[in-house]
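Reading the structure
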Amino acid sequence: MSARKGLTYLFGSNAVTFAIQFGGSVAIARLLSPPEMGVYAASMALVWIINGVLNAGLQGYLVRERDLPADKLGTVFALTFAQSALFAVALFVGGWVVGWFAHDDRVTQSIRILAWYGA
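Residues numbered from 1 in each chain as written. Predicted model: local features only at pLDDT ≥ 70, side-chain atom pairs only at ≥ 80, totals over all residues. Heavy atoms only, no water.

Helix and strand counts for the protein come out as five helices and zero strands. N-terminal to C-terminal, the α/β element order of the protein is α-α-α-α-α. Expressed along its principal axes, the backbone C-alpha trace of the protein runs to roughly 50 × 30 × 20 Å. Buried positions account for 18% of the 119 residues belonging to the protein. (Helix = DSSP H or I, 4+ residues; strand = E, 2+ residues; numbered from the N terminus. Buried < 20%, exposed > 50% of the residue type's maximum accessible area, 1.4 Å probe, protein only.)

Structural data, given as structure tokens:
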């Protein structure tokens, strides 16, 4: 694939991702009350922070690798599984911390729900 085509796909996928996230945020903002929106925003902020820290780039490795033997594929699967488990644990612990800091148990509950959904 040429560099121009790769950049086109990269920018196109980023634009589509942004449009979907923006549309979803607008829809959620219309459905939730202001206090519920604050709980959602605090929950999603923690999810984005932890996801950014734990993103190991394994999907990019799978896409770039031309020859993918079974042992490498098994290793990537195991690492992805471990990453998801670590993400869920970090959300459970982080949810308690953010809920305690915000003095609102709804934040802790929503983050724990997102932990099950995200993992």
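Further remarks concern the packing of helix 2 (residues 34-54) against helix 4 (residues 70-102). Put simply, helix 2 and helix 4 touch, their axes get as near as 10 Å, and they point 145 degrees apart. Pair helix 2 / helix 4 crosses with right-handed handedness. From helix 2, Leu46, Val47, Ile50, Asn51 and Leu54 reach across to helix 4, where they touch Gln83, Leu86, Phe87, Ala90, Leu91, Gly94, Gly95 and Val98. Taken together, the residues of the contact of helix 2 with helix 4 break down into nine nonpolar, four polar and no charged. (Axes fitted to C-alpha atoms, helices over the stretch in contact; angles between N-to-C directions. Left-handed = near helix turned anticlockwise from the far one by under 90°. Contact = heavy atoms within 4.5 Å. Nonpolar A, V, L, I, M, F, W, Y, C, P; charged D, E, K, R; others polar.)

With that settled, the discussion passes to the packing of aromatic side chains. Between two aromatic rings, the relevant description is the distance of the centres plus the angle of the planes. The full count for this structure, using the stated rule, is one aromatic pair. Seen in terms of ring centroids, phenylalanine 18 and phenylalanine 22 are 6.1 Å apart; in terms of plane orientation they differ by 20 degrees. Their pairing is stacked. Of this pair, phenylalanine 18 and phenylalanine 22 are both found in helix 1 (residues 3-31), four residues apart, which corresponds to roughly one turn of the helix. By the burial criterion, phenylalanine 18 is exposed, and phenylalanine 22 matches it. (Phe/Tyr/Trp six-rings, centres within 6.5 Å; stacked < 30°, edge-to-face > 60°.)

What follows concerns the pattern of salt bridges. When their charged atoms lie close together, side chains carrying opposite charge are able to pair. The final tally for this structure, using the stated rule, is one salt bridge. When the shortest N-O distance is used, the salt bridge between aspartate 104 and arginine 106 registers 3.0 Å. Overall, the relative accessible area of 40% leaves arginine 106 in the partly exposed class. (Salt bridge = Lys/Arg side-chain N within 4 Å of Asp/Glu carboxyl O.)

This brings us to the side chain of threonine 108. With respect to the helices, strands and loops of the structure, threonine 108 is situated in helix 5 (residues 105-118). Look at threonine 108 and you get buried, because its relative accessible area is 10%. Here the side chain of threonine 108 touches glycine 95 through a polar contact of 3.1 Å, landing on its backbone oxygen. For threonine 108, the residues in contact, after removing those within four places along its chain, are Gly95, Trp96 and Gly99. (Polar contact = N/O pair within 3.5 Å; in protein donor to acceptor, adjacent residues only side chain to side chain.)

What follows covers the nonpolar core. Val39, Met44, Leu46, Val47, Ile50, Leu54, Phe87, Leu91, Val107, Ile111 and Ala115 form the largest nonpolar core, which has 11 residues in total. Every element with two or more residues in this core is listed here: helix 2, helix 4 and helix 5. Considering every element that reaches this core, the biggest residue donor is helix 2, with six residues. (Core = buried A, V, L, I, M, F, W, Y, C linked by side-chain atoms within 4.5 Å.)

What follows deals with the environment of threonine 80. In this structure, threonine 80 sits in helix 4. By relative accessible area, which is 28% here, threonine 80 ends up partly exposed. The spacing of threonine 80 and asparagine 55 is 25 residues in sequence and 9.6 Å in space, taken between C-alpha atoms. Of note is the side chain of threonine 80, whose polar atom sits 2.8 Å from the backbone oxygen of valine 76.

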